[in-house]
Amino acid sequence: MKHIYLEEIKKLESEPKIVNIFSEKEIKMIQELYETLTYTVFNKKQNVKKKGWIQNINKELDKIYFEKIKDVLGDFKMDTLKSKSGDDYFGLFHESFSPLPLHVDSGFDEEAIIYKQLITPLSPIGDTVIFKNKWYGKSTSFTIDPEELKFKPKPEQNERSSDHLGKEDFDKGIHKENLTHIDINNLKGLKVQMIYKWKVGETLIVDRTHIHSSSSRINEKKLGLTTFTKK
Ligand SMILES: [Fe+2]
């Protein structure tokens, strides 16, 4: 699959941006909301636990979150999966215990005009590595493992691909320092756009078409909130 409205998607693209839109009190409210939610996903292989931000548990916070994002993004729609009642999740809390592999969160709907992804760290240690390289197909996990490439995804599961690969070897220094959990040959042709060092109180805003991963620096556990948007 490829996104149909490629031109519209590309027109909306912009440089990654770090903003400080939430106060200390609001971050605390978000962390408290996280505590009250129950787990929606537990991916044993990736060692990630996820909780969806269900609307109407803390209506005041829902409003604050939506309005603050809107101030930065302009008009947008949520695109982060739906809860059992059919309401949009306002984001996914992800608690990871090992570093995330190389992937893109470009969604599963070819008709969607995908827009920005917001990453709000809720624990201080960790990084997100954003590559310059972009992907205009479905949400995909990138691999060079022939067995893994045979994987047939169910609906809403990431595809597997090695079509991201280019010719140029990846920078050995950057690999050693940040990406030892990824085979360096799986990074051929990729260039780093930014290594975002997590800081509680900040929010990273990037195009959903950016290939990204976490860095190999992880310390016990990493907790963050990710929100996906479309136009
Ligand atoms: Fe991601």
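Every value quoted in this text rests on a predicted model; they were computed, and no experiment measured them.

Trainee: Would you mind showing me how to read the overall build of the protein here?
Mentor: Check the secondary structure of the protein and you find 5 helices and 14 strands. Computed over its C-alpha atoms, the radius of gyration of the protein comes to 17 Å, within 12% of the 17 Å expected for a compact globule of 231 residues. Summarising its shape, the C-alpha atoms of the protein cover approximately 50 × 40 × 30 Å along the three principal directions. Burial status across the protein gives 34% buried among its 231 residues.

Trainee: Just checking my understanding: could you explain unusual backbone geometry for this structure?
Mentor: Peptide bonds are mostly trans, and most non-glycine residues show a negative phi. At asparagine 56, a position not held by glycine, the phi torsion is positive, near 75 degrees. Topologically, asparagine 56 is positioned in the loop between strand E3 (48–52) and helix H3 (59–73). For asparagine 56, a count of 9 C-beta atoms within 10 Å puts it in the exposed group.

Trainee: Is there a simple way to think about the nonpolar core in this case?
Mentor: Looking at soluble globular proteins, one finds that nonpolar side chains tend to be buried together. Within the largest apolar cluster, 32 residues are counted, with the highest numbers of intra-cluster contacts made by Trp53 and Ile211. Contact partners of isoleucine 211, with chain neighbours within four places excluded, come to Leu102, Val104, Phe131, Asn133, Lys134, Trp135, Phe142, His164 and Leu190. Formed by 5 residues, the second largest nonpolar core is a distinct cluster that contains Ile9, Leu12, Ile113 and Tyr115.

Trainee: Sorry if this is basic, but what is going on with the environment of tyrosine 136 here?
Mentor: Along the chain, the position of tyrosine 136 falls in the loop between strand E8 (127–134) and strand E9 (140–142). A C-alpha to C-alpha distance of 27 Å links tyrosine 136 and asparagine 47, two positions 89 residues apart in sequence. Setting aside its immediate chain neighbours within four residues, tyrosine 136 contacts Lys2, His3, Leu6, Ser106 and Thr209.

Trainee: What exactly am I supposed to notice about H3 here?
Mentor: The periodicity of an α-helix, 3.6 residues per turn, causes residues three or four positions apart to be oriented the same way. Along its 15 residues, H3 runs 21 Å from first to last C-alpha, staying within 8% of the 21 Å computed at 1.5 Å per residue. Once H3 ends, the next one or two residues include glycine 74, with phi positive near 75 degrees.

Analysis parameters
Residues numbered from 1 in each chain as written. Predicted model: local features only at pLDDT ≥ 70, side-chain atom pairs only at ≥ 80, totals over all residues. Helix = DSSP H or I, 4+ residues; strand = E, 2+ residues; numbered from the N terminus. Rg over C-alpha atoms; globule rule 2.2 N^0.38 Å. Buried ≥ 20, exposed ≤ 12 C-beta atoms within 10 Å, placed from the backbone. Core = buried A, V, L, I, M, F, W, Y, C linked by C-beta atoms within 7 Å. Contact = placed C-beta atoms within 7 Å. Expected span 1.5 Å × (residues − 1).

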